[in-house]
Amino acid sequence: MYCNIYITLSLNSEIQWKEQGGCDMSARKALNRQFSLPIPVQRCLRKLGQDIRDARLRRRIPMEVLAERASISRPTLARLADGYPGVSLGTYATVLFSL
C-alpha cells in the first residue's frame, strides 16, 4: 500500500495534509524532512533531553523507576531523553517534577 499525501498551502499559509489509503513510511519521512523543526529548536530539545538524562543519572534513578513515577512508558522516556519533538510539554513537566 502507498500513502498519498496532499499538501495544500491555504491563503493563510497553513499547511494542511491528509492521507488516503495505507501508509508508506518513506513518504512520511520525506514529509517530516521537508517540514522539520528549525535547527536551534532541535538543539534545544536535544539539550533538554540530555540534561534530564544527566539529572536522572546523577540521582542514580533507573529509567524504569522514573518512567513509573511519571506514569509514562520507558520508550516515551527514552524519546524524551533523545529530544524527540513528538513528546508533549506535559510529559516534560511531569518528568521534571518526578526527578
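Since the model is a prediction, treat every value here as computed from it, not as a measurement.

Scanning the chain from N- to C-terminus turns up five helices and two strands. Its helices and strands in sequence order give the chain the pattern β-β-α-α-α-α-α, from N to C terminus. In the chain, which comprises 99 residues, the proportion classed as buried is 24%. If you take every contact in the chain between residues at least 6 apart in sequence, the share linking residues at least 24 apart comes to 36%. Carbon together with sulfur atoms contributes 55% to the accessible area of the chain, which is approximately 7,400 Å² in total.

With respect to the element layout, serine 98 can be found in helix α5 (residues 89-98). With a relative accessible area of 10%, serine 98 lands in the buried category. A distance of 2.8 Å separates a polar atom in the side chain of serine 98 from the backbone oxygen of threonine 94.

In this section: the nonpolar core. Note that soluble globular proteins tend to have their nonpolar side chains buried in a common cluster. Core analysis: the biggest nonpolar cluster contains 13 residues, and Ile52, Leu66, Ile72, Leu77, Leu80, Tyr92 and Val95 have the highest contact counts within it. Among the secondary structure elements, those contributing two or more residues to this core are α2 (39-58), α3 (63-70), α4 (74-82) and α5. It is α3 that contributes the most residues to this core, four residues altogether. Excluding its chain neighbours within four sequence positions, the residues that come into contact with valine 95 are Ile52, Leu66, Ala70, Ile72, Leu77 and Leu80.

Moving on: the environment of phenylalanine 97. If you trace the backbone, phenylalanine 97 turns up in helix α5. Judged by its relative accessible area of 75%, phenylalanine 97 falls in the exposed class. A sequence separation of 28 residues divides phenylalanine 97 from arginine 69, and the C-alpha atoms of the two residues are 9.4 Å apart.

Each value, and the rule that gives it
Residues numbered from 1 in each chain as written. Predicted model: local features only at pLDDT ≥ 70, side-chain atom pairs only at ≥ 80, totals over all residues. Heavy atoms only, no water. Helix = DSSP H or I, 4+ residues; strand = E, 2+ residues; numbered from the N terminus. Buried < 20%, exposed > 50% of the residue type's maximum accessible area, 1.4 Å probe, protein only. Contact = heavy atoms within 4.5 Å. Areas by Shrake-Rupley, 256 points an atom, 1.4 Å probe, with all protein chains shown as cover. Polar contact = N/O pair within 3.5 Å; in protein donor to acceptor, adjacent residues only side chain to side chain. Core = buried A, V, L, I, M, F, W, Y, C linked by side-chain atoms within 4.5 Å.

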